[in-house]
Amino acid sequence: MVNRKLPRYLDDIESTEKKIAELQQHLEEVRSKQKVDEDLEIVKSIRAKKMTGRELLAFLEGIQNGTLVIVPAPDMGTEDEKPETTEVQEAPEREDRNDENDGTETE
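These remarks concern the structure in this document.

Reading guide: rules and limits
- Residues numbered from 1 in each chain as written.
- Predicted model: local features only at pLDDT ≥ 70, side-chain atom pairs only at ≥ 80, totals over all residues.
- Heavy atoms only, no water.
- Helix = DSSP H or I, 4+ residues; strand = E, 2+ residues; numbered from the N terminus.
- Buried < 20%, exposed > 50% of the residue type's maximum accessible area, 1.4 Å probe, protein only.
- Contact = heavy atoms within 4.5 Å.
- Areas by Shrake-Rupley, 256 points an atom, 1.4 Å probe, with all protein chains shown as cover.
- Expected span 1.5 Å × (residues − 1).

Helices and strands together make up the secondary structure of the protein, namely two helices and two strands. Going from N to C terminus, the protein has its helices and strands arranged as α-α-β-β. In the protein, which comprises 107 residues, the proportion classed as buried is 6%. For the protein, the proportion of contacts with a sequence separation of at least 24, taken over those separated by at least 6, is 14%. Surface summary for the protein: the accessible area is close to 10,500 Å², and the carbon and sulfur share equals 53%.

The next thing to look at is helix α2 (residues 53-65). Because the α-helix completes a turn every 3.6 residues, residues three or four places apart line up on one side. For α2, built from 13 residues, the straight-helix expectation of 18 Å at 1.5 Å per residue is met to within 8% by its first-to-last C-alpha distance of 18 Å. Two residues or fewer past α2, G66 is found with a positive phi of approximately 80°.

Now for unusual backbone geometry. With a phi angle near 50°, K50 is a residue other than glycine that sits in the positive phi range. Accessibility expressed as a relative area gives 72% for K50, which makes it exposed.

Next up, the structure:
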């Protein structure tokens, strides 16, 4: 005689797997929406800087090649009193980069 609980376990497993698949799809959709909103916020923030075309190009190149350093504005008191600005600086040359001229490698 077969245990009567076994079919219930199988039904429960099927139901749980279906719920998991639905939740995974929902999670994927939410992450996709989050990425879109983050991308829009990044574009909005950079556009708000009102840079010229060349300044924007230099800014983006600095971000992509890692030579741009963003320094937060100094703390000026409470949250209401803090300025909304940050200072952007070129990063100093890193010593661990290979020197292309002499052909030596550093570790």
